[in-house]
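# Understanding the architecture of this molecule
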Amino acid sequence: MTREAGHDGDLDKRVVLLVAGAADLAVSAVGSALGAVRGLLRRSDAAELAADAEHELMARGRLVLGRYAVPPPAHLELLARHAVARRAADDE
């Protein structure tokens, strides 16, 4: 099957099929996620799961802040600053 330069109908059909397929995939993913959430809500230890999730999210938050926040000065840099400050104090 060859494509001719003037066939916009084939391109339109392909676009419609791609969009429909993507929409179906999104709907099935949302349906699966909702089913998993419903299953979790039916569990008797839902409060414990929520507490565990909170602790895990807080730990992840600490990791992210540690990764992107301004890092503390290096240990050797601090020692060097203290040594310079002591020498200056001794010279006075």
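Right above here is the structure, for reference.
Below is a summary of the structure that appears in this document. (Residues numbered from 1 in each chain as written. Predicted model: local features only at pLDDT ≥ 70, side-chain atom pairs only at ≥ 80, totals over all residues. Heavy atoms only, no water.)

### As for the overall build of the protein chain
Rule in force here: The way it works is that DSSP assigns letters per residue, a run of H or I at least four long becomes a helix, a run of E at least two long becomes a strand, and they are numbered from the N terminus. Computation of the radius of gyration draws on C-alpha atoms, with the globule rule given as 2.2 Å multiplied by the number of residues to the power 0.38. The buried label applies to any residue whose accessible area, calculated with a 1.4 Å probe on protein chains only, is under 20% of its type's maximum; exposed applies above 50%, and partly exposed to all values in between. To measure how exposed things are, a 1.4 Å probe is used in the Shrake-Rupley method; for residues, cover is taken only from the protein chains shown.
The number of helices and strands found in the protein chain is 3 helices and 0 strands. Rg of the C-alpha trace for the protein chain: 30 Å, well past the compact-globule value of 12 Å for 92 residues, more than 25% over. Principal-axis analysis of the C-alpha atoms places the extent of the protein chain at approximately 90 × 55 × 15 Å. In the protein chain, buried positions account for 0% of the 92 residues. Of the roughly 8,700 Å² that the protein chain leaves accessible, carbon and sulfur atoms contribute 63%.

### Brief notes about a nonpolar patch on the surface
To be explicit about the condition: Patch construction takes residues with relative accessible area above 30% that form no salt bridge. Like charges are linked within 9 Å, and nonpolar side chains (Val, Leu, Ile, Met, Phe, Trp, Tyr) are linked within 5 Å. When a carboxyl oxygen of Asp or Glu is within 4 Å of a side-chain nitrogen of Lys or Arg, the pair counts as a salt bridge.
A grouping of Leu-11, Val-15 and Val-19 is seen on the molecular surface, where their side chains present a nonpolar patch of about 270 Å² in accessible area. Among the structural elements, Val-15 can be located in helix 1 (residues 8-42). Judged by relative accessible area, Val-15 falls into the partly exposed class, the value being 43%.

### Some words on the pattern of salt bridges
Enumeration over the complete set of coordinates arrives at 2 salt bridges. The shortest N-O distance in the salt bridge between Glu-56 and Arg-60 comes to 3.5 Å. Of this pair, Glu-56 and Arg-60 both sit in helix 2 (residues 46-68), separated by 4 residues, roughly a single helical turn. With a relative accessible area of 47%, Glu-56 lands in the partly exposed category. The residue Arg-81 makes a salt bridge to Glu-77 at a minimum N-O spacing of 3.3 Å.

### Examining the environment of Val-37
Mapped onto the elements, Val-37 comes out in helix 1. The exposure class assigned to Val-37 is partly exposed, which follows from its relative accessible area of 44%. Each C-alpha atom of the pair Val-37 and Leu-11 lies 39 Å from the other, and the pair is 26 residues apart in sequence.

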